[in-house]
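# Chain and residue survey
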Amino acid sequence: MKVGLFPGSFDPFHNGHLEIVERASRLFDEVVVAALRNPQKSQALFDLEERKSMLEAVTAHIPGVRIVSVSTLLVNVARDVGATAIVRGLRAVSDFETEMQMAQMNHHLSGVETIFIPTSSKYSFIASKLVREVAHFGGDVSAFVPKIVAEHLVAKFEGSASEQDEQDGKEEE
Ligand code: ADP
């Protein structure tokens, strides 16, 4: 059985990610989507469990997809799920350098191969960081993320906006 492992922070998962899962599902018998804690990225917006439950909801229509959330080295996850290959999306040449380095490191550590799926041009400008920024300032992210994710973003920032208002109120007192 061919297993593709698609890892990422997915904070949040957006339509560019979704397209990669859909395309990978045509290449593999099973696609394991792994939401990872990225030690390079300071504070996550959604915790791993929130990301996992959103991922389960938005990929439910794709056959052969399994979601895991982990905070360990990627090659350990690849071994645990029996991955045939790691799948990564490539948006632009700017992604290539770091992706190449990661692929070589993972291959060196465990022999696992990485395959790259080039994103469609309609999704190539979408990045989790930008989605977070737009949502933070109340912008409309519905064109970039699945509906469930958009709802979670609104709820998340409504909550933090009222906390901020409370804080601002206290500072003014
Ligand atoms: P990271 O792995 O750096 O935490 P992300 O969670 O943002 O990054 O992305 C996970 C994977 O999805 C990576 O392979 C990344 O290249 C890919 N990806 C990110 N944005 C897009 C996009 N707009 N289209 C296709 N693939 C993407």
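Notes on the structure in this doc start here. (Residues numbered from 1 in each chain as written. Predicted model: local features only at pLDDT ≥ 70, side-chain atom pairs only at ≥ 80, totals over all residues. Heavy atoms only, no water.)

## Structural notes on helix α3 (residues 74-81)
At 3.6 residues per turn, the α-helix brings residues three or four places apart onto the same side. All of the buried residues in α3 are Leu74, Val75, Val77, Ala78 and Val81. In an axial view of α3, the angular spread of the buried residues amounts to 155°, which keeps them on one side of the axis. Among the exposed residues of α3, those oriented more than 90 degrees off its buried face are Arg79 and Asp80. Remark: Gly82 follows α3 within two positions and exhibits a positive phi of approximately 65°. (Buried < 20%, exposed > 50% of the residue type's maximum accessible area, 1.4 Å probe, protein only. Helix = DSSP H or I, 4+ residues; strand = E, 2+ residues; numbered from the N terminus. Arc of directions from axis to C-beta.)

## Focus: the pairing of strand β2 (residues 30-36)
Here β2 lies mainly inside the structure; seven of its seven residues are buried. Alternating positions in β2 separate into two faces, Glu30, Val32, Ala34 and Leu36 on one and Val31, Val33 and Ala35 on the other, with burial throughout. Strand direction decides the pairing type here: strand β1 (residues 3-8) and β2, joined by six bridges, are parallel. Bridging from a neighbouring strand, Pro7 pairs with Ala34 of β2. Of the strand pairs in this sheet, β2 and strand β3 (residues 65-70) are connected by six bridges, and their pairing is parallel. Bridged to Val32 within β3 is Arg66. (Pairing = 2+ DSSP bridges.)

Bear in mind that shape data such as this cannot, by itself, settle questions of function.
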